[in-house]
Amino acid sequence: MSTHINAKEGDIAPAVLLPGDPLRAKFIAENFLENVVCYNEVRGMYGFTGTFKGKRVSVQGTGMGQPSLSIYATELFKFYDVQKAIRVGTAGAIQEDTQIRDTVLASAACSDSSLITQRFGNLHFAPSADFDLLSKAAAFAKEMNIRYQVGACASSDLFYDDNDNWKIWAKYGVLAVEMEAAELYTLAAKFGRKALAILTISDHILKGGETSAKERETTFSNMINIALNAITA
């Protein structure tokens, strides 16, 4: 029985978008979906189901960080039989050629989280995206003429990282740092589901600079369009 999602059987679609911010979930539902119904308001973590191009899609807020996402993704996979999940969120760039407002399709996700070590101990698991969702997302991004990159992200438990651990990841070609994708990919592997993280670059950790509120709104819409088209294709 789900503890954090107050939805009945059948309320949630097999395909779900996962923004961290519950208000972004509301924004997506109101601006991109039709025939929308709110199925969850527990702890203010909104969840909605509607249709996109005639196909049922849900959008569920997850909160910030891997422990919070882990709760919602687990319940969606375990109790509501969700088959496909795409995280839609922001990230900080750590490569010279990754630019603010780029869309990153995360093919894999490094992590410093103890969630990995709690499961695998001294083993090293490689959290990876579903290739089918990834390839569809890339095709739609290209079709819509949206600037995008495919590569690894890093999911850090530290937002304020005094140790600058991002510099190590940058040396190994990681494109950007965020806080949720590795746990989503790990849970998808555990439950045998499909998952992808699509990220909008909102700031540049390496070179400095960040997007304005208006720019975030525009590039966020690009990311959502890619995600919705990929998850319903």
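See the structure printed just above.
As the structure is a computational prediction, the values presented were derived from the model and not from experiment.

### What to know about the overall build of the protein
Logical step 1: The helix and strand tally for the protein stands at seven helices and nine strands.
Logical step 2: The C-alpha radius of gyration computed for the protein amounts to 16 Å, which stays within 12% of the reference 17 Å derived for 233 residues, consistent with globular compactness.
Logical step 3: Looking at the protein as a whole, 55% of its 233 residues qualify as buried.
Logical step 4: Split by element, the accessible area of the protein, about 11000 Å² in all, is 51% carbon and sulfur.
Logical step 5: When the 23 positive and 26 negative side-chain charges of the protein are each reduced to one mean point, those points stand 5 Å apart.

### Section: helix α4 (residues 131-143)
Logical step 1: Taking 1.5 Å as the rise per residue, α4 with 13 residues should run 18 Å; its terminal C-alpha atoms sit 18 Å apart, in good agreement.
Logical step 2: Regarding α4, the residues found buried are L133, L134, A137, A138, F140 and A141. An end-on view of α4 places all buried positions within 165 degrees of arc, on one side of the element. Along α4, exposed side chains directed more than 90 degrees from the buried face belong to F131, K142 and E143.
Logical step 3: The backbone nitrogen of D132 lies 3.2 Å from a side-chain oxygen of the residue at the head of α4, namely D130.
Logical step 4: Looking one or two places after α4, you find N145, whose phi comes out positive at around 60 degrees.

### Comments concerning the side chain of S155
Logical step 1: As for its placement among the helices and strands, S155 is situated in strand β7 (residues 148-155).
Logical step 2: Leave out the neighbours within four places in its chain, and S155 touches Q66, A109, C110, S111, D112, E178, M179, E180, A181 and A182.

### Observations regarding the packing of aromatic side chains
Logical step 1: A complete count under the given rule lists six aromatic pairs for this structure.
Logical step 2: Aromatic side chains F120 and F125 sit 4.9 Å apart centroid to centroid with 5 degrees between the ring planes, which places their arrangement in the stacked category.
Logical step 3: Given a relative accessible area of 26%, F120 falls into the partly exposed group.
Logical step 4: Joined through ring pairs, the aromatic side chains of F27, F32 and F220 make up one cluster.

### Looking at helix α1 (residues 22-32)
Logical step 1: Considered for burial, the residues of α1 that qualify are P22, A25, I28, A29 and F32. An end-on view of α1 places all buried positions within 125 degrees of arc, on one side of the element. Structural note: α1 exposes L23 and E30 on the side pointing more than 90 degrees away from its buried face.
Logical step 2: Between the side-chain oxygen of the N-cap and the backbone nitrogen of L23 there are 2.8 Å, and the N-cap of α1 in question is D21.

Cut-offs used in this document
Residues numbered from 1 in each chain as written. Predicted model: local features only at pLDDT ≥ 70, side-chain atom pairs only at ≥ 80, totals over all residues. Heavy atoms only, no water. Helix = DSSP H or I, 4+ residues; strand = E, 2+ residues; numbered from the N terminus. Rg over C-alpha atoms; globule rule 2.2 N^0.38 Å. Buried < 20%, exposed > 50% of the residue type's maximum accessible area, 1.4 Å probe, protein only. Areas by Shrake-Rupley, 256 points an atom, 1.4 Å probe, with all protein chains shown as cover. Lys, Arg positive; Asp, Glu negative; His and termini not counted. Charge placed at Lys NZ, Arg CZ, Asp CG, Glu CD. Expected span 1.5 Å × (residues − 1). Arc of directions from axis to C-beta. Polar contact = N/O pair within 3.5 Å; in protein donor to acceptor, adjacent residues only side chain to side chain. Contact = heavy atoms within 4.5 Å. Phe/Tyr/Trp six-rings, centres within 6.5 Å; stacked < 30°, edge-to-face > 60°.

On their own, these measurements won't tell you what the molecule is for.
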